[in-house]
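Structural features, examined
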Amino acid sequence: MRGFVCALLLAAGAAHAADVKPFTDPNHNFGALKEEVRILDLSVLAHDELKSRGLLYEDDVVVDYVRALAAKLAPTFARYAPPLEVFVVRDALVNAFALPTARIYINLGLMSVAESEAQLAAVIAHEIAHVVERHGLKTALDRKRKIIASHVGDLLLFGTGLVYLGTAASLASYSRGEEKEADLKGLEYLVNAGYPATAMPAVFDVFESMQPGEGARGSVYASHPEGRQRIAYLNETIASRYPDSPAELPADSAQYGAMRDRVLEENIRIRLARQRFELTDRSLERARRYTADPALLEYYLGEVRRGVAEDPAAAGRDRAQMSNQPKKEKEFTAAFEAERTKNYAAAVSHYQAALGLRPDFALAHRGLGMVAYAEGRDADAILALETYLASDDDLKDRRYVERIVKTVKRRAANE
Amino acid sequence: MSRITSGARAIGIAVCIVLLAACATKPTTTAREHPDIDTALLDVERVVVAPAIVSIERIVFSGENERLTAQEARIAAELEAATAVALGARGYEVVPFDFNAAREADADLAFALNQVTEAFNRVKGDMQLGRAIPEEKKRQFAESLGEAVNQVADAADADAVVIVQFGGFDKSGGQQAKEMASSILLGVLLGSTAIQPSEGSYVEVALVDGVTGNLLWADAAGAAKLGSELVVRALASVPADIDPTDPASDVVVPDDGQPASAPETLAVEEAPNPSA
């Protein structure tokens, strides 16, 4: 009778999440279910979209490091399971996700807030657990039965520049039970690789202390009410299962330090380009703890102040978002407009501080020139911008800066 | 009850008449222009059309909507071609450039393109792109997409970059049947009914100065139909190129029956709502 029922279920194609075996099990049957083929296709689509938008970060120092870390943490996959692959996403949002293709994506934003190699390892271990346990497929099968609407996010997100989040979120959103399983399995991988188990609650504690806007909304890596409960059960699990796990974090490797410096700088650049001035300040605060190049920090502090002075409306919008006071956007904008001169002066003092630390720092000359241009100090603008242009033949923004110089010269000639 | 209803209806009709009268006396447009557009166009000769960003979904009864990737690719190619033709007709030299190959070889260029798109999506909200405004207010939008545009324009050796974004949907037979049944039920209960469109699309186009990053011109259009031809309507208001050697430019704008700006263009609020 039981066999008959099973046969009937199989014939009807009624696959259940409970039947899905992890990739460590030789009977995983990867790709056997129609539903899995469907979500694999969608995963490839999401990956291609990330790639075509230049969102897959290609810096070898960073990518190789993360891949080596993942290889150290991952359990042995059974034969015919897909290989585990790790990618770094050029996005300043604090987020990470795993797709059913066994591909893990870690945002630069998340890498920049992790305070140690062990904390970054904890996040990667959590994502590896999602892959190994095939939570993407299990969720898809559950969703199929419950007829939950999905992908609506794609259209809602259309036009935000973060379209990939729609597809990715629908493929990488898991139940509370699956999240807990990923935490516990991840903890196991972390300890097996020689890292202290406490790194996992510690990194979740970091996420809880983040400012609004730093994490992707709805992501498990954003601050939310269940975060504290999660830290509590992780601590309980560590006390019961891993009492001997060292409490002290091991010293970070030299490779980690080199990787972190690059990640922090790229994160600052992305946030500046998106005019997220307050978040950039936050990134600079973090970078200050680690960086060996204070001139670079001074330069970026100058860029933030210049950005705020140049676009008070963007600064007002940013402040309104960060303080969760959308109705006050105009008020904030007016305040930034009133402080324009003060912000330009602050920018100049940061650029000068950068030049004091490193006299040949070309970007600081550029910054000084741009402020002088904005303030109508034509002779200063020409001098500083031409110094910048003379610093390197291969400047990416040569055409842009040359146009500014041309405009300033035209303006000076007319006066 | 019926008195209240007829009273409300009368007020509604009166409001519509007032609005229509206002529209009749004050020409409106969905176009947006930079205050310095005339000066900026003196430096614009060569333009490049960035890869169109297209998102099309089939809305299905189960909620597991399907992305129509083949249709996306086809419509993207059509949009890019139609945009190039329309700009060529307005006197611009359209630079052919294989962005797909270039961004495959250069992740930084791909990222710059993405930054341009993100910046456009930020400023279009500020500009309320798609909303009709009085014609005389269209040249009040001093927006910039930042320095990333420069990188894109440089790669193609162009003076300006054209951005095209398209969103569309259609509905499966099951979804249409469900909506039809809902409409009939509502009709029985309320005495009136509204049929939801079975497909729709929306397009936004922008011309961006490749050096300064200033958004020189933008417009949008929507329709209860899924097709790339919509872009021609959105492009109807694009200004003709200005020849720097001849300030009183002789560029001939083809008589395509479209006014310089398109007051009849469907505004955002009128575009079909895919999630309806």
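One can find the structure itself at the top, above this paragraph.
Residues numbered from 1 in each chain as written. Chains lettered and ligands numbered in written order. Predicted model: local features only at pLDDT ≥ 70, side-chain atom pairs only at ≥ 80, totals over all residues.

Attention shifts here to the overall build of chain B. A count of helical and extended segments in chain B gives 8 helices and 10 strands. Here chain B holds 276 residues, and the buried ones make up 44% of them. Sequence-distant contacts, at least 24 apart, represent 79% of the contacts inside chain B between residues at least 6 apart. (Helix = DSSP H or I, 4+ residues; strand = E, 2+ residues; numbered from the N terminus. Buried ≥ 20, exposed ≤ 12 C-beta atoms within 10 Å, placed from the backbone. Contact = placed C-beta atoms within 7 Å.)

What follows concerns the packing of helix α19 (residues 378-389) of chain A against helix α20 (residues 398-414) of chain A. Residue and element names in this part refer to chain A. Following both chains from N to C, one finds α19 and α20 inclined at 155°, their axes separated by 10 Å at the closest point. Comparing the axis directions of α19 and α20 gives the class roughly antiparallel. The crossing of α19 and α20 is left-handed. For the pair α19 and α20, contact is made by Asp 378, Ala 381, Ile 382, Leu 385, Glu 386, Tyr 388 and Leu 389 and by Arg 398, Val 401, Glu 402, Ile 404, Val 405, Val 408, Lys 409, Arg 411 and Ala 412, respectively. (Axes fitted to C-alpha atoms, helices over the stretch in contact; angles between N-to-C directions. Parallel < 35°, antiparallel > 145°, perpendicular 65-115°, else oblique. Left-handed = near helix turned anticlockwise from the far one by under 90°.)

Time to look at the sheet that holds strand β2 (residues 96-99) of chain A. Residues and elements named next belong to chain A. Across the sheet, which stays open at both edges, the 3 strands sit in the order β1-β3-β2 with mixed pairing between neighbours. For this open sheet the edge positions go to β1 (85-89) and β2, each flanked by a neighbour on one side alone. Strand-to-strand twist of the sheet, defined as the mean angle between neighbouring strand axes without regard to direction, takes the value 20°. As judged from the 5 bridges shared by β1 and strand β3 (residues 103-107), these two strands associate in the parallel manner. Considered in β3, the bridge of Val 88 is made with Ile 106. Sitting on the sheet, helix α3 (residues 60-73) is in contact with β1 and β3, with an inclination near 140° to β1. Running at roughly 150° to β3, helix α5 (residues 117-132) makes contact with β2 and β3 of the sheet. (Pairing = 2+ DSSP bridges.)

Now for the packing of helix α9 (residues 176-192) of chain A against helix α11 (residues 227-241) of chain A. If you want to describe how two helices pack, look at the angle between their axes and the distance between the axes. Residue and element names in this part refer to chain A. Running from N to C, α9 and α11 point in directions that differ by 40°, and their axes come no closer than 11 Å. With respect to each other, α9 and α11 are oriented oblique. α9 and α11 meet at a crossing whose hand is right-handed. Where α9 abuts α11, its residues Asp 183, Leu 184 and Leu 187 lie against Arg 230, Leu 234 and Thr 237. Looking at side-chain class alone, the contact of α9 with α11 contains 3 nonpolar, 1 polar and 2 charged residues. (Nonpolar A, V, L, I, M, F, W, Y, C, P; charged D, E, K, R; others polar.)

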